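# Analysis of the macromolecular model
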Amino acid sequence: MSDEELNQLRTNADSLAGCLHSLLQKIETMEKGKGEKEQRSGAESPLTIQTDAQESVTEIRSDKGVKRIITRQTVKTRSIHAVNLESSHSLLSSQHSPNHSLVSRDVTMQAKQLHLLKVSVYHCKLLVLSVEPGANLDIRAGDIIREVDGRVLFSDSQLRALSGQITLTIQPAQVYEAPPRFFRLVHQYEDRDSLFTARAGEVVQVLDEEKNKLNVRSVNDPSSVGRIPASVEMESVTMISPFGRGVVALIGAPSVGRRTIKTLLLQYAPHLFATVVPVTSREPNSHEQEGREYQFWRKETILEKIRDREMIEWGELDNQLYGTWAGDIKEVVESGRLCILDCCPQALPYLYNSSFKPFVVHIRGPEFEEAVQLEQLRPKIRSKEELERADKDSDSISSKYGKFIHLTLVNRNTDVTFKKLLSALEDLRSNSQYIPAAWSDISSDGST
C-alpha cells in the first residue's frame, strides 16, 4: 500500500471518528433537551453522581480445567448525569430513602464512659448495640459512631484505647446498616423505663439480646429505642426489596463496562442497592481492612464452604483461595435491598432459584465492526484482536446461558446503558412479573 493510500485511509478514519463524535453529542443534546422538558413539566432535576474510588477487580478465569483468579486495583474517576425516570414517585429517587432525614450530632464525653456502651463492628462501621440503663449520654442503641475527634475508627479496640475528653460524631444507622433481624409484634407493648411503645402489628429491628431482653428499635422511627422481653409474642419477618427480586446479576465479557455500571448503581441508591465483599484465604496487606477490600478467612473455612456448596464462585491464585459466599448475599437480600453482583456466568446455575430470584442482565459491547469505529473515540484504544475476542465471548455467553438471561443491554455509552438499566428495574417494581414456577413457595393446589 502506498503512502498516499495510507494517508487517505487515515483521513477517512479521522472523518468517520468526527462524525461519530458529532452523532454522540447530538444524542446527548437531544436527551438533555428531553430531560429539561420533563423538568419543566414537573419532573425532578437530574441527579449528578461523581465517583472517584479505588476498586478491587477480580476476574475468575479457567485455564486447562484449573480455576485461577486475577486481581488488580484500579482507580476510576467518572461523572454521569442520570435523568430521573418519568414518575416523580419513583423508588429510584434517592429522596425516598427510608431514613434520608437522619442527621448527625456531636456528643462530648469522657473516654472512661465508653464502658457504658456495647459496640460492635458491622459492615466496617462502629454500631452501638446497647447503652447501660441510666447512662446520662445522648447516645442510643442503633447509633453509628461515624468519627471520634474528627477521625474514623474501624475497631472496638481503637475506641477502648482512647483517653480524656472525646467528641463522638453520632448518627442513627439506616435500617440496612444494622443486622437484618426483624419481628412483628402481635400485641402492643410498653416499656415504662425507656418510654418505648410499640403498637400491635409494628415491626421492630433487634439490635442485641441480653438477659432474656431484646434491644430493639422501630423500623419506622430509628430514634424510638427500647427493650422488650424475649417472651413477648412476635412473628419473625423478613424485609423484601420493592423490586420483588433478591439479586441483579451483571454478566458479560471482559471490558464491556459492567463493573462501572455496578459501581454507579451502588452510588446512586445505597438504600436500594448493595453488594458483597469477596473472601480470601491470604493475609491482608498493610493498606487493607477486614470487610472492606476482602473478608480474610482461614483456608480451611473456605474449603468447607466449597464442599458444602455455599460458594457461588471461587478460584485459586498462588495457592490462595478467593470467592463469594452465598451467606453474604442472603444477608443483603434479608435487609430488603437488591444485591448487585458482577459475577461470572458460571455462577448463574447456583443463583437461579427461589432463594435469590435473580434478574440477570447481560452487558455486551456492540457488534465487532461498530465496536472498531467507536473505539477510536476512547482515550485508551483496544486492539482489534481484543474487540474480536470480546465479541466472540459475548456471543458465547448468549448462546450458553441464554435461558438464564432476562435483559441484554448493548453498552455503546455508559450513561445511556445505566439509564436503561434503571428503567428496567423500575419496570420490575411497577409492572407484573413472570418468574419460574419453581421460585414460588405456593404449590399448584394452593397449599404451601
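So, here's what we can say about the structure. These numbers come from a predicted model, not from an experiment. (Residues numbered from 1 in each chain as written. Predicted model: local features only at pLDDT ≥ 70, side-chain atom pairs only at ≥ 80, totals over all residues. Heavy atoms only, no water.)

## Details of the overall build of the protein chain
- The helix and strand tally for the protein chain stands at nine helices and 23 strands.
- Looking at the protein chain as a whole, 42% of its 448 residues qualify as buried.
- Of the roughly 24,600 Å² that the protein chain leaves accessible, carbon and sulfur atoms contribute 48%. (Helix = DSSP H or I, 4+ residues; strand = E, 2+ residues; numbered from the N terminus. Buried < 20%, exposed > 50% of the residue type's maximum accessible area, 1.4 Å probe, protein only. Areas by Shrake-Rupley, 256 points an atom, 1.4 Å probe, with all protein chains shown as cover.)

## What about the sheet that holds strand β15 (residues 247-251)?
- Reading across from one edge, β16-β21-β15-β22-β23 is the order of the five strands in this open sheet, with parallel pairing throughout. Edge positions in the open sheet fall to β16 (273-274) and β23 (407-410), since each of these has one partner strand only.
- Pairing analysis gives four bridges linking strand β22 (residues 358-364) to β23, with the strands arranged parallel. Bridging across to β23, Val361 finds its partner in Leu407.
- Lying on the sheet, helix α8 (residues 384-401) is in contact with β15 and β22; it crosses β22 at an angle near 155°.
- Helix-sheet contacts for helix α9 (residues 414-430) involve β15, β16, β21 (338-342), β22 and β23, and the interaxial angle to β23 is about 160°. (Pairing = 2+ DSSP bridges. Contact = heavy atoms within 4.5 Å. Axes fitted to C-alpha atoms, helices over the stretch in contact; angles between N-to-C directions.)

## Considerations on the pairing of strand β7 (residues 165-172)
- With six of eight residues buried, β7 is to be regarded as a mostly interior element.
- With five bridges joining them, strand β6 (residues 143-148) and β7 adopt antiparallel strand pairing. The residue bridging Ile145 from the neighbouring strand is Ile170, located in β7.

## Some remarks on the sheet that holds strand β11 (residues 203-210)
- The strand order across the open sheet built from five strands is β13-β12-β11-β8-β14, with neighbouring strands paired in antiparallel fashion. Each of the sheet's edge strands pairs with one partner strand only, and the pair in question is β13 (225-229) and β14 (234-237). Direction aside, neighbouring strands of the sheet carry axes that sit 45° apart on average.
- Sheet analysis places strand β8 (residues 182-185) next to β11, joined by three bridges and oriented antiparallel. Residue pairing across strands places Phe183 opposite Val204, the latter belonging to β11.

## A short note on the environment of Leu114
- As for its placement among the helices and strands, Leu114 is situated in the loop between β3 (105-110) and β4 (117-122).
- With 49 residues separating them along the chain, Leu114 and Ser163 place their C-alpha atoms 9.8 Å apart.
- Sequence-distant contacts of Leu114, defined by excluding residues within four places in its chain, comprise Met109, Leu159, Arg160, Ile166 and Leu168.

## Some thoughts on the pairing of β8
- As judged from the four bridges shared by β8 and β14, these two strands associate in the antiparallel manner. Bridge pairing in β14 links Phe183 to Ser236.

## Observations regarding the pattern of salt bridges
- Throughout the structure, instances matching the rule amount to 22 salt bridges.
- Residue Glu209 pairs with Arg181 through a salt bridge whose shortest N-O separation is 3.6 Å. With Glu209 in strand β11 and Arg181 in the loop between β7 and β8, this pair connects stretches of sequence that are 28 residues apart.
- Residue class for Arg181 comes out partly exposed when judged on its relative accessible area of 36%.
- Residues Arg184 and Glu235 are paired through a salt bridge, measuring 2.8 Å at the closest nitrogen-oxygen approach. With Arg184 in strand β8 and Glu235 in strand β14, the pair connects residues that are 51 residues apart, well separated along the chain.
- The exposure class assigned to Arg184 is partly exposed, which follows from its relative accessible area of 30%.
- Look at Glu235 and you get partly exposed, because its relative accessible area is 37%.
- Through salt bridges that share partners, Arg364, Glu367, Asp391 and Asp395 make up one connected network. (Salt bridge = Lys/Arg side-chain N within 4 Å of Asp/Glu carboxyl O.)

## Details of the environment of Ala141
- Along the chain, Ala141 falls in the loop between β5 (125-131) and β6.
- Look at Ala141 and you get buried, because its relative accessible area is 7%.
- Separated by twelve residues in the primary sequence, Ala141 and Leu129 place their C-alpha atoms 5.0 Å from one another.

## Quick look at unusual backbone geometry
- One non-glycine residue, Cys124, lies in the positive phi region at around 65°.
- Structurally, the position occupied by Cys124 is in the loop between β4 and β5.
- Its identity is not glycine, yet Asp318 carries a phi of approximately 50°, on the positive side.

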